[in-house]
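# A look at the structure
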Amino acid sequence: IIARADADDINHPERFKRQLLFFKTKNADLVGCNMLEKYKKLYLKKRIIERPNLIQILFKNPFNHPTVIFKKNKIIKLGCYPDMPFKEDYYLWIMAKFNNYKMYNLNKSLVSSFIDEKKNSRRKNYLSILSELKLFYSILVKRPFLLPVLIIATLLRISFLLLPNYLYMSGLINIFRQKLINE
């Protein structure tokens, strides 16, 4: 079992214990959880769907990457992380879903991080858009019947990346996050 953790994030003292217990109880292949993010004076909860279905996964990355634990042998079987800047983990989770891996998210925030415009603007560049197109093609080759959904999902994700930074951040805060408290 491999547990992901980013050096600049804060892991809840019980994170690994709680995730491993859940992992073993469900005989899971991959388990993630929610995250708390601090943005300026706001505390935000980055919620993830507990049991994402394929359509939900195609529209939004189903896991907070710094929170994931997974079976190493299962990820190796998928070919590990692909060469797809900004989308390596996303593509991997899609392939796991295609292979019927047991994937869950705990409805608990066990990792905290800090976000700002600079951190998110690094994801808003032409390489990220190219990676979206590469992701689209890679999925389409494996599952051509998903073409209509893929077109809509990819256009929405690219459109979001093309927003000016202030609209992008506003979307993250007001649509994709749950405000918890102000400092």
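Residues numbered from 1 in each chain as written. Predicted model: local features only at pLDDT ≥ 70, side-chain atom pairs only at ≥ 80, totals over all residues. Heavy atoms only, no water.

Bringing helix α7 (residues 147-162) into the picture now. For α7, which comprises 16 residues, the first-to-last C-alpha distance of 22 Å matches the rise-based estimate of 22 Å (1.5 Å per residue) to within 8%. The set of residues buried in α7 consists of L150, A153, T154, R157, I158, F160 and L161. Here the buried residues of α7 occupy an arc of 155 degrees about the axis, which is enough to place them on one side. Projecting away from the buried face of α7 at angles above 90 degrees are the exposed residues P148, L155 and L162. (Helix = DSSP H or I, 4+ residues; strand = E, 2+ residues; numbered from the N terminus. Expected span 1.5 Å × (residues − 1). Buried < 20%, exposed > 50% of the residue type's maximum accessible area, 1.4 Å probe, protein only. Arc of directions from axis to C-beta.)

Here we take up the packing of aromatic side chains. Under the defined criterion, the tally for this structure stands at three aromatic pairs. Ring geometry for F22 versus Y104: centroids 5.6 Å apart, planes at 85 degrees, classification edge-to-face. Of the two residues, F22 is situated in helix α1 (residues 15-26) and Y104 in strand β6 (residues 103-115); the sequence distance between them amounts to 82 residues. By relative accessible area, Y104 is classed as buried at 9%. Look at F63 and W93: their rings are 5.7 Å apart centre to centre, the planes differ by 70 degrees, and that puts the pair in the edge-to-face class. Here F63 is found in the loop between α2 (54-59) and β5 (69-70), whereas its partner W93 is found in helix α4 (residues 88-98), with 30 residues between them in sequence. Between R143 and the ring centre of F98, over which it is positioned, the NZ or CZ distance is 4.1 Å. (Phe/Tyr/Trp six-rings, centres within 6.5 Å; stacked < 30°, edge-to-face > 60°. Lys NZ or Arg CZ within 6 Å of the ring centre and 35° of its normal.)

Right, let's get into the layout of surface pockets. In this structure, the largest pocket spans a volume of roughly 1,100 Å³. If you go around the largest pocket, you meet 38 residues; those closest to its centre are K46, N61, K87, R123 and Y168. Going through the elements one at a time, β3 (30-39), α4, β6, α5 (117-121), α6 (126-142), α7 and α8 (165-174) are the ones with two or more residues in the lining of the largest pocket. In terms of residues, the lining of the largest pocket owes the most to one element, α7, which gives five residues. Of the residues assigned to the lining of the largest pocket, the class counts are 16 nonpolar, six polar and 16 charged. (1 Å grid on protein atoms, 1.4 Å probe; cavity = no way out; pocket = protein on both sides within 12 Å on 5 of 7 lines; lining within 4 Å. Points joined across faces, edges and corners; volume = space filled by probe spheres on them. Nonpolar A, V, L, I, M, F, W, Y, C, P; charged D, E, K, R; others polar.)

Further remarks concern the side chain of T67. Following the sequence through the fold, T67 ends up in the loop between α2 and β5. A distance of 3.0 Å separates a polar atom in the side chain of T67 from the backbone nitrogen of C33. (Polar contact = N/O pair within 3.5 Å; in protein donor to acceptor, adjacent residues only side chain to side chain.)

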